[in-house]
Amino acid sequence: MRRAVCPGSFDPIHNGHVEIIARAASLFDEVIVAVSTNYSKKYLFSEEERVVMVDETLGGLRGVSAMPMGNGLLADFCKEQGAEAIVKGLRSTVDYAYEIPMATMNRHLTGVETVFLQADTRYTHLSSSLLKEVSALGGNVSEYFPRAVMKRIAKL
């Protein structure tokens, strides 16, 4: 079985994430969406809420599951889960330049490879941070978020 990990904070998951994860699901038998927490960031949603939103959003995709990544290195998480690849979406060359050193380090640490998928042009301008800011200022972001996210944003 070919297993991949698609990591991110997913605060919250948006349609750009969904598009990358769906494509990853067509390439691998199993995709684990690893919801991470960076303690230097301020999150809109708790880790548990983010995992639930990912599960609700991607529940219909074969072989896709969500789980908290916990503390520690992504490479170690992949090894523990038996994953042979990390899947990362790229929006631009800026993302590529940021991701290459991490991909190289992850491969050196545990042998896990990183697969880069170019984001669909409909989503290259999206980030969770931008969408949260637009939403907080009253902008309509409903076309960029799955229903599971929009119902929670409406309650904020």
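Before reading further, recall that the structure is shown in the block above.
The text that follows walks through the structure, step by step, so that each part is easy to find. (Residues numbered from 1 in each chain as written. Predicted model: local features only at pLDDT ≥ 70, side-chain atom pairs only at ≥ 80, totals over all residues. Heavy atoms only, no water.)

**Re unusual backbone geometry**
Consideration 1: Residue P12 is bonded to the preceding D11 through a cis peptide linkage, with omega at -10°.
Consideration 2: Its place among the elements puts P12 in the loop between β1 (3–8) and α1 (15–27).
Consideration 3: Unusually for a residue other than glycine, F10 sits at a positive phi of about 50°.
Consideration 4: Structurally, F10 is set in the loop between β1 and α1. (Helix = DSSP H or I, 4+ residues; strand = E, 2+ residues; numbered from the N terminus.)

**Some words on the pairing of strand β3 (residues 64–68)**
Consideration 1: One ladder, built from five bridges, connects strand β2 (residues 30–35) with β3; its direction is parallel. When the sheet's bridge partners are listed, V31 is paired in β3 with V64.
Consideration 2: Each parallel crossover has a hand, and for β2 linked through helix α2 (residues 47–58) to β3 it is right-handed. (Pairing = 2+ DSSP bridges. Right-handed = clockwise from strand over helix to strand, strands pointing away.)

**Some thoughts on the nonpolar core**
Generally speaking, soluble globular proteins have nonpolar side chains that are buried together.
Consideration 1: If you look at the biggest cluster of nonpolar residues, it comprises 31 residues, and the most contacted ones within it are I13, I21, V31, V33, V54 and L58.
Consideration 2: The set of elements that each furnish at least two residues to this core consists of β1, α1, β2, α2, β3, β4 (85–90) and α6 (147–153).
Consideration 3: At five residues, α1 tops the list of elements feeding residues into this core.
Consideration 4: Apart from the residues lying within four places of it in its own chain, the contact partners of V31 are A4, C6, I21, A24, A25, G63, V64 and S65.
Consideration 5: Core analysis: the second largest hydrophobic core is formed by 11 residues, V5, A34, C78 and V112 among them. (Core = buried A, V, L, I, M, F, W, Y, C linked by side-chain atoms within 4.5 Å. Buried < 20%, exposed > 50% of the residue type's maximum accessible area, 1.4 Å probe, protein only. Contact = heavy atoms within 4.5 Å.)

**With respect to the pairing of β2**
Consideration 1: For β2, the buried fraction is high: six of the six residues fall into the buried class.
Consideration 2: Summarising the sheet, β1 and β2 pair through six bridges and their orientation is parallel. Note on β2: the bridge partner recorded for V5 is I32.
Consideration 3: In this view, the connection linking β1 to its parallel neighbour β2 by way of α1 has right-handed handedness.

**Topic: the sheet that holds β4**
Consideration 1: Here we have five strands laid out as an open sheet, ordered β3-β2-β1-β4-β5, and parallel in their pairing. A strand with exactly one partner marks an edge of an open sheet, and here the two such strands are β3 and β5 (113–118). Taking each pair of neighbouring strands and ignoring which way they run, the sheet shows an average axis angle of 30°.
Consideration 2: The pairing of β1 with β4 spans two bridges and is parallel. Note on β4: the bridge partner recorded for V5 is I86.
Consideration 3: The strands touched by helix α3 (residues 74–81) are β1, β2, β3 and β4; relative to β1, the strand with the most contacts, the crossing angle is about 145°. (Axes fitted to C-alpha atoms, helices over the stretch in contact; angles between N-to-C directions.)

**Describing the packing of aromatic side chains**
Think of a pair of aromatic rings as described by two things: how far the centres are apart, and how the planes are tilted against each other in angle.
Consideration 1: Under the definition given, this model contains one aromatic pair.
Consideration 2: A centroid spacing of 5.8 Å and a plane angle of 65° characterise the contact between Y96 and F116, whose relative ring orientation is edge-to-face. Of this pair, Y96 sits in helix α4 (residues 93–110) while F116 is found in strand β5, placing the two residues 20 residues apart along the sequence. (Phe/Tyr/Trp six-rings, centres within 6.5 Å; stacked < 30°, edge-to-face > 60°.)

**Let's talk about the pattern of salt bridges**
Consideration 1: Counted by the stated rule, this structure contains nine salt bridges.
Consideration 2: One salt bridge connects E19 with R23, and the closest N-O pair in it is separated by 2.7 Å. Taken together, the residues span about one helical turn, with E19 and R23 both in helix α1 at a distance of four residues.
Consideration 3: Assessed through its relative accessible area of 13%, E19 is described here as buried.
Consideration 4: For R23, a relative accessible area of 29% corresponds to the partly exposed category. (Salt bridge = Lys/Arg side-chain N within 4 Å of Asp/Glu carboxyl O.)

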